[in-house]
Amino acid sequence: MIRVNRYEPGRAFITCWNWSGAKGLNVDLSPVLKTGDRFEIRHVFGLFGAPLVSGVYTGRPIRIPQPVMSPPAPLGFNQPAPMPDNRFNVFLLQKR
């Protein structure tokens, strides 16, 4: 599912339901990008790290890895957040 940001063109959240546990999923980014647009995709648990995928959009589906990432620690709690698996992931797509 792609949720386009109507206030900031070239930005969207991508939600992946990965019931089979695949290592990667192909996603059509045409609702957000045009051929030739530069883009970056980051996992929402690692917004300030390196992008998982970046490049120039060719009009073809983009393969997005489905990692298992540790969530950020919740503020004000003494215990860590529950550890998810790769059956559900959310990514931030940004045009560059």
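Residues numbered from 1 in each chain as written. Predicted model: local features only at pLDDT ≥ 70, side-chain atom pairs only at ≥ 80, totals over all residues. Heavy atoms only, no water.

Student: Can you walk me through the overall build of the chain in this structure?
Tutor: Helix and strand counts for the chain stand at zero helices and seven strands. Put simply, the chain runs from its N terminus to its C terminus through helices and strands in the order β-β-β-β-β-β-β. Long-range contacts, defined here as pairs at least 24 residues apart, represent 59% of the contacts in the chain between residues at least 6 apart. When the accessible area of the chain is evaluated, it comes to approximately 6,500 Å², of which 56% is carbon and sulfur surface. The positive charge centre, built from 12 side chains, and the negative charge centre, built from 5, are 1 Å apart in the chain. (Helix = DSSP H or I, 4+ residues; strand = E, 2+ residues; numbered from the N terminus. Contact = heavy atoms within 4.5 Å. Areas by Shrake-Rupley, 256 points an atom, 1.4 Å probe, with all protein chains shown as cover. Lys, Arg positive; Asp, Glu negative; His and termini not counted. Charge placed at Lys NZ, Arg CZ, Asp CG, Glu CD.)

Student: I'm lost on the side chain of Thr15 in this one. Help?
Tutor: The topology assignment puts Thr15 in strand S2 (residues 11-17). Residue class for Thr15 comes out buried when judged on its relative accessible area of 11%. Setting aside anything within four residues of it in sequence, one finds Thr15 in contact with Met1, Phe88, Asn89 and Val90. (Buried < 20%, exposed > 50% of the residue type's maximum accessible area, 1.4 Å probe, protein only.)

Student: Whenever I open this one, the environment of Pro84 confuses me. Can you help?
Tutor: Within the element layout of this structure, Pro84 appears in the loop between strand S6 (62-65) and strand S7 (88-95). Between the C-alpha atoms of Pro84 and Pro67, which are 17 residues apart in sequence, the distance is 10.0 Å. Excluding anything up to four places from it in sequence, Pro84 contacts Phe45, Val68, Met69 and Pro71.

Student: What's the story with a nonpolar patch on the surface in this structure? I'm lost.
Tutor: On the surface, a nonpolar cluster with roughly 530 Å² of combined accessible area is contributed by Met1, Trp17, Trp19 and Phe88. Residue classification places Trp19 among the exposed residues on the basis of a relative accessible area of 65%. (Patch = residues over 30% accessible without salt bridge, like charges linked within 9 Å, V, L, I, M, F, W, Y side chains within 5 Å. Salt bridge = Lys/Arg side-chain N within 4 Å of Asp/Glu carboxyl O.)

Student: Could you clarify how one ought to interpret the sheet that holds strand S4 (residues 38-43) in this entry?
Tutor: Strand pairing in a sheet relies on backbone hydrogen bonds, with the paired strands running either antiparallel or parallel. Read from one edge to the other, the open sheet built from five strands follows the order S1-S2-S7-S4-S5, with strand pairing classed as antiparallel. The sheet terminates laterally at strand S1 (2-4) and strand S5 (53-56), the two strands that pair on one side only. Averaged over all pairs of adjacent strands, the angle between strand axes in this sheet comes to 20 degrees, irrespective of strand direction. Where S2 and S7 come together, seven bridges link them in antiparallel fashion. If you follow Ala12 over to S7, its bridge partner there is Leu93. (Pairing = 2+ DSSP bridges. Axes fitted to C-alpha atoms, helices over the stretch in contact; angles between N-to-C directions.)

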